[in-house]
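# Examination of the molecular architecture
For reference, the chains in residue letters:
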Amino acid sequence: MKTGNKNSVKSSGMLVLTALIWGIAFVAQSEGMNYVGGFTFNACRFLIGGMVLIPCVFLLRRVNREPWENLSGEEKRQQTRTGITGGICCGIFLCVASSLQQFGIAHTTVGKAGFITALYIILVPVFGLFMKKQVGFNVWISVVIAAVGMYLLCIKEGFSVGRGDFLVFLCSIGFSLHILVIDYFSPRADGVVISCVQFFTAGIISALLTLVFEEWSWKGVTAAWLPVLYAGVMSCGVAYTLQVVAQKNIAPTVASLLMSLESVFSVLAGWVLLGQRLTGKEMAGCALVFAGIVLAQLPVENLGKEKRIR
């Protein structure tokens, strides 16, 4: 087997592991709400995630030493400033989207939350139209398929939508805008620096919201230590690092497809770990949403792809 093929297979495995970590993270987020408020949980997980990524900034910069060392002093300072600015902007959007997701998960199943959140993969190219980015015909077909899937997944008798499902849908819009902001800043700065700063920004904002809307409880945080650590270390730190390393040896389209498996893993995790089951109608909705997600990622002429940072 050629070295390139070996690297591709290894990278594919790393991205599947990333999707698995993110899928299980929905369970951690759901369980964490049993002990602490949504803002408290996010404050803890993002601050931990930021601390985990600090050594990764220096480690990955050391691995990619040549491009960094070839920059002049002023270029290094400019890239660092851009990374900090971009991280703050991304952190604001991340905080909004994650807060909506966190409170939404408290009122729906983790499986449904996983599939609804994954709609950002379809929404990103659609919102990209406002940035004069071309959208392939497959995306529009995906929107129709996903819309039917969302109807089966979320619409109840009397044509009502559950509160949790609605909040998670708003979160998918938030993550779409978050990715577009990343798309603007990532070519201009180190992606790991942006992610590290965004985690600290989202964590600090969440901590301030905790002081305003929730009552800080060390007892609650201590009781939620396992979900918080998993979401902070594994979901924010480990999974993101795996993504950054793996995407160097694999096409963005394939990477997006593999990472979209997090929606499937969220259903399995909710079933195995929490005993949550979906009805036949909801499963059909999940299948259609996933079909739309996959179709949106198929390579067609003039269809640009954005990388994802979570």
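Provided above is the structure to which this section pertains.
So, a few notes on the structure that sits alongside this text. Quantities reported herein were computed from a predicted structural model and do not represent experimental measurements.

## A word on the pattern of salt bridges
One pass over the structure, following the stated rule, counts two salt bridges. Between Asp165 and Lys112 there is a salt bridge, with its nearest N and O atoms 3.1 Å apart. With Asp165 in helix H8 (residues 163-185) and Lys112 in helix H5 (residues 110-117), this residue pair connects regions lying 53 residues apart in the sequence. On the accessibility criterion, Asp165 (3% relative accessible area) is buried. Notably, a salt bridge pairs Glu282 with Lys112, separated by 3.4 Å at the nearest N-O pair. Pair noted here: Glu282 is in helix H14 (residues 280-297) and Lys112 is in helix H5, with a separation of 170 residues, a long-range link. In this structure Glu282 comes out as buried when scored by relative accessible area, which is 16%. Residue Lys112 is classed as buried on the basis of its relative accessible area, which comes to 7%.

## Topic: the packing of aromatic side chains
Summed over all chains, the structure comprises six aromatic pairs. For the pair Phe39 and Phe213, a centre-to-centre distance of 6.0 Å together with 40 degrees between the ring planes defines the contact as tilted. Residue Phe39 is found in helix H2 (residues 38-63), and its partner Phe213 is found in helix H9 (residues 191-213); the two are separated by 174 residues along the sequence. According to the relative accessible area criterion, Phe39 is buried, its value standing at 14%. For the pair Tyr184 and Phe185, a centre-to-centre distance of 4.9 Å together with 90 degrees between the ring planes defines the contact as edge-to-face. Put simply, the rings of Phe39, Phe103 and Phe213 pair up and form one aromatic cluster. One Lys or Arg, Arg188, reaches over the ring of Tyr184 and ends 4.1 Å from the middle of that ring. Its end group placed over the ring of Tyr151, Lys281 keeps NZ or CZ at 5.7 Å from the ring centre.

## Considering the packing of H9 against helix H11 (residues 225-246)
Put simply, H9 and H11 touch, their axes get as near as 11 Å, and they point 160 degrees apart. Here H9 is positioned roughly antiparallel relative to H11, judged by the angle of their axes. The way H9 lies across H11 gives a crossing that is right-handed. Packed against H9, whose contacting residues are Gly191, Val192, Ser195 and Phe199, the element H11 presents Cys236, Tyr240 and Val244 at the interface. The residue makeup of the contact of H9 with H11, split by class, is five nonpolar, two polar and no charged.

## Some thoughts on the nonpolar core
Formed by 47 residues in total, the largest nonpolar core has its most connected members in Ile116 and Leu119. Ignoring sequence-local partners within four residues, the contact set of Ile116 consists of Met150, Leu153, Cys154, Asp165, Val168, Phe169 and Ser172. Judged by nonpolar contacts, the second largest core, of 14 residues, contains Trp22, Ala25, Ala28 and Leu258.

## Points about the environment of Phe166
Note on placement: Phe166 falls in helix H8. Spatially, the C-alpha atom of Phe166 lies 9.2 Å from that of Leu100, the residues being 66 residues apart in sequence.

## Notes on the packing of helix H4 (residues 73-105) against H8
A pair of packed helices can be characterised by two numbers: the angle between their axes and the separation between those axes. Look at H4 against H8: their axes get within 7 Å of each other, and the N-to-C directions meet at 170 degrees. The angle between H4 and H8 places the two elements in the roughly antiparallel class. Looking at side-chain class alone, the contact of H4 with H8 contains 17 nonpolar, nine polar and no charged residues.

## A closer look at the environment of Thr109
Relative to the helices and strands, Thr109 resides in the loop between H4 and H5. The spacing of Thr109 and Gly164 is 55 residues in sequence and 8.6 Å in space, taken between C-alpha atoms. Once residues within four sequence positions are removed from consideration, Thr109 is found in contact with Gln276 and Leu278. Of note is the side chain of Thr109, whose polar atom sits 3.3 Å from the backbone nitrogen of Lys112.

## Things to note about the side chain of Ser142
Inspection of the secondary structure assignment puts Ser142 in helix H7 (residues 137-154). In this structure the side chain of Ser142 is engaged in a polar contact, spanning 2.7 Å, whose partner is the backbone oxygen of Asn138. Here the side chain of Ser142 touches Ala296 through a polar contact of 3.0 Å, landing on its backbone nitrogen. Residue contacts for Ser142: discarding those within four places in its chain leaves Ile122, Gly292, Leu295 and Ala296.

About the criteria used
Residues numbered from 1 in each chain as written. Predicted model: local features only at pLDDT ≥ 70, side-chain atom pairs only at ≥ 80, totals over all residues. Heavy atoms only, no water. Salt bridge = Lys/Arg side-chain N within 4 Å of Asp/Glu carboxyl O. Helix = DSSP H or I, 4+ residues; strand = E, 2+ residues; numbered from the N terminus. Buried < 20%, exposed > 50% of the residue type's maximum accessible area, 1.4 Å probe, protein only. Phe/Tyr/Trp six-rings, centres within 6.5 Å; stacked < 30°, edge-to-face > 60°. Lys NZ or Arg CZ within 6 Å of the ring centre and 35° of its normal. Axes fitted to C-alpha atoms, helices over the stretch in contact; angles between N-to-C directions. Parallel < 35°, antiparallel > 145°, perpendicular 65-115°, else oblique. Left-handed = near helix turned anticlockwise from the far one by under 90°. Contact = heavy atoms within 4.5 Å. Nonpolar A, V, L, I, M, F, W, Y, C, P; charged D, E, K, R; others polar. Core = buried A, V, L, I, M, F, W, Y, C linked by side-chain atoms within 4.5 Å. Polar contact = N/O pair within 3.5 Å; in protein donor to acceptor, adjacent residues only side chain to side chain.

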